[in-house]
Amino acid sequence: MSMKLTRVPVQEQDPQVRKHNFKEVSLGYTLEEAIQEAQRCIQCKKPRCVAGCPVNVYIPKFIAHVAEGNIEKAAEVIKETNNLPAICGRVCPQEEQCEARCILGIKGEPIAIGRLERFVADYTMDKQSSESMDIEKNGMKIAIVGSGPAGLAAAADLAKLGYEVDIFEAFHEPGGVLIYGIPEFRLPKKLVKQEIEGLKKLGVKIYTNIIIGKTITIDELLERGYEAVFIGSGAGLPKFMNIPGENLNGVYSANEYLTRINLMKAYDFPNSHTPIKKGKRVAVIGGGNVAMDAARSALRLGAEEVHIVYRRSEKEMPARLEEVHHAKEEGIIFDVLTNPVEIIGEDGWVKGLKCVRMKLGEPDSSGRRRPIAIPNTEFIMDADIVIIAIGTSPNPLITSTTKGLKTHSWGGIIVDQETGATSKDKVYAGGDAVTGAATVILAMGAGKKAAKAIHERLSSGAKKYASKV
Amino acid sequence: MFEIMDKKILAPGIVLMKVKAPLIAKKAMPGQFIMLRVSELGERIPLTIADYDRQEGSISIIFQEVGYTTRDLGSLDIGDHIMDFAGPLGKASELDGLNRVLCVGGGVGIAPLYPQIKYLSDQGAYVDVVIGARNKDYLILQKEIENYASNIYIATDDGSLGHKGFVTDIVKELLDKGSQYDSAIAIGPLPMMKAVCQITKEYNLPTTVSLNPIMVDGTGMCGGCRVTVGGKVYYACVDGPEFDGHLVDFDEAIRRQQMYKKEEQIEHDCKLG
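Residues numbered from 1 in each chain as written. Chains lettered and ligands numbered in written order. Predicted model: local features only at pLDDT ≥ 70, side-chain atom pairs only at ≥ 80, totals over all residues. Heavy atoms only, no water.

Draft legend 1. Geometry of the pattern of salt bridges. Applying the stated criterion across every chain, the model contains 37 salt bridges over all chains. In this structure, the salt-bridge partner of E24 of chain A is R90 of chain A, at a minimum N-O distance of 2.6 Å. Remark: R90 of chain A occurs in helix α6 (residues 85-91) and E24 of chain A occurs in the loop between α1 (15-18) and α2 (31-38); sequence separation between them is 66 residues. Here R90 of chain A falls in the buried class, since its relative accessible area comes to 9%. For D84 of chain B, the salt bridge goes to R37 of chain B, with nearest N and O atoms at 2.7 Å. Taken together, the residues D84 of chain B in strand β7 (residues 84-89) and R37 of chain B in strand β3 (residues 33-37) connect sequence positions 47 residues apart. In this structure D84 of chain B comes out as buried when scored by relative accessible area, which is 5%. Assessed through its relative accessible area of 5%, R37 of chain B is described here as buried. By sharing partners, the salt bridges in this structure join R18, R186, D293, R296, R300, E323, E329 and E330 of chain A into a single network. (Salt bridge = Lys/Arg side-chain N within 4 Å of Asp/Glu carboxyl O. Helix = DSSP H or I, 4+ residues; strand = E, 2+ residues; numbered from the N terminus. Buried < 20%, exposed > 50% of the residue type's maximum accessible area, 1.4 Å probe, protein only.)

Draft legend 2. Molecular detail of the confidence of the model for chain B. With 98% of its residues at a pLDDT of at least 70, chain B reaches an overall mean of 95. The complex model carries a pTM of 0.94, and its ipTM stands at 0.94. (pLDDT = per-residue confidence, 0-100.)

Draft legend 3. Just the packing of aromatic side chains, in detail. The final tally for this structure, using the stated rule, is eleven aromatic pairs over all chains. Seen from their ring centres, F168 of chain A and Y226 of chain A are 6.1 Å apart, and the 85° between their planes marks the pair as edge-to-face. With F168 of chain A in strand β2 (residues 164-168) and Y226 of chain A in the loop between α13 (218-223) and β4 (228-231), this residue pair connects regions lying 58 residues apart in the sequence. Arranged with centres 6.2 Å apart and planes meeting at 65°, the rings of Y114 of chain B and Y148 of chain B form a pair that is edge-to-face. Linking Y114 of chain B in helix α3 (residues 110-122) with Y148 of chain B in the loop between α4 (142-146) and β10 (151-156), this pair joins segments that are 34 residues apart in sequence. Ring pairing ties together the aromatic residues F22, F185 and Y267 of chain A, which thus form one cluster. (Phe/Tyr/Trp six-rings, centres within 6.5 Å; stacked < 30°, edge-to-face > 60°.)

Written out as structure tokens, the structure is:
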């Protein structure tokens, strides 16, 4: 049997075209391409890919169905463990998870599991959304706080088990980071909406404009008769650098910049009424996926030059390789080993970014080599917009209004790793609210774990709550 | 969707709306605000709560039709619905324990001052109120405030009612003649709050101001509402909206308020010709 060592390539929008539009970059496999790629899978007896997936999708099994052209069957297999395949197929860091463990990756390229997952989800999307599920209700109510990946995953699993699930969302639209954070060109909002519609078909109710911790507290939810509450409120608080000039006009947190564009549709101003500053020269500080998203969005808003400014080297960048690659193809300029020390202003507006060159020293606590400033290398980079994308931390709105909910000093909710149970009876948590900024799939995994734990506890006759935290 | 239960034109371009929002009304406290979005493509804007009625389940907002969103909102009538309405956000005013308070309101800033005057009066505090507007037609809530204020002083720019001049003239006069207060509260346009604070600082009179900067979500997520107070950066939405007026960097706040002036002009030209 001859084995193809390279993947079937996927069609993408031309970089010169796509940098002027918000449409999706990757066009996805056709049926023929998907079957061809699926046929490369050697169907390992002990599949390492499955263990590499935070929600343990039965990867070889779904791929076998694709190889036979039986896409509906493949979809069923994925949906057994993953309710949001159209999203995961696009935004999971497969190269660090399932694909990283693929045996084919040793001599050649691993199976394109992410692309196949996306294909299966897209191909069957219209079919599944017309189905309505009949689930026998067990009469118990669960409240979910936040409608991002953690909350959606928990809600889906609990609804399938017969619980009455109510999701509370602070924004006017459900989806959390999938809606306000990740741009259209990486994750079309239509898909997120369709996945959420699918959830509603399971009987899940979503209440928007409800800020848990403000409009209603966690304790009030419990008083209202919810048997358990799952907190998946994310890590929405932007970090700033505390350097001079951060409050100049024209400085954004990546959160604000992306929320204006994605949730509020500022790219369509003045049709949409939310404005955004369109810079000519934009500097984005940070090296993660959010930094890439902000930089590429700036380009699409018409910036002439967009820089990524990152204090370590490209090797240490936390962004996915694919995102870095796409950003470079589109003409984003990477200034690595460069650390901003001051934002320079003129008449109150951003004019430039004062930076210093860095070199790498010994590894620090994160295991990455510590960046050290090189003396006398300061320079000023012209910029009229500066976007700060150096991370986010959990929002204290809930933890500050809930008695008995223990948190780490940095704000993350303390939970039992196995169950997601918090220090407070009947209250579970997962996703970025627990871990700090991480990935969509880890949040989904945490939501599923908590759903399982909630079910085990409630179905075993609500035995006494024994918190381990 | 949130139903408009009542609507009143208080002054040219200044509108009061009572909105059915029982969950918010149950929790609302003086000093807090709501975020609203009029319709599908609308902008999210913060408005300070002007009154609340827990029994009726209503929140009152008072706004001046200055931009696209406020004009859009103003075009709605009783029985119409506001698409999104969320809150209450921000911290409540710290009013408990105050005995003698000087409340200063300018223009539409009198609206958020009103529930504080009411609350203070209800808990037995002595409340002197100074309110001002361009002219007598633009002065809002005078009658309502008279029900609660120990004394009310009025200033209009053109002298059509009360003192001809600014609220600051009256504040200075009251303090000069030796009136004693535990605390002052000033709400109005940023330059007015700045001017009041300059005077009260001379008299070492602690002064709280309420800021209303540009924000997107109102829950701490965007950081757009950051304000420098005493050299430290705070988010007005979660750390405020009220701050120690003697420590607020007003010049920065005024500058940040101007961020989308150009865009507002574009929107105005496109939409309203």
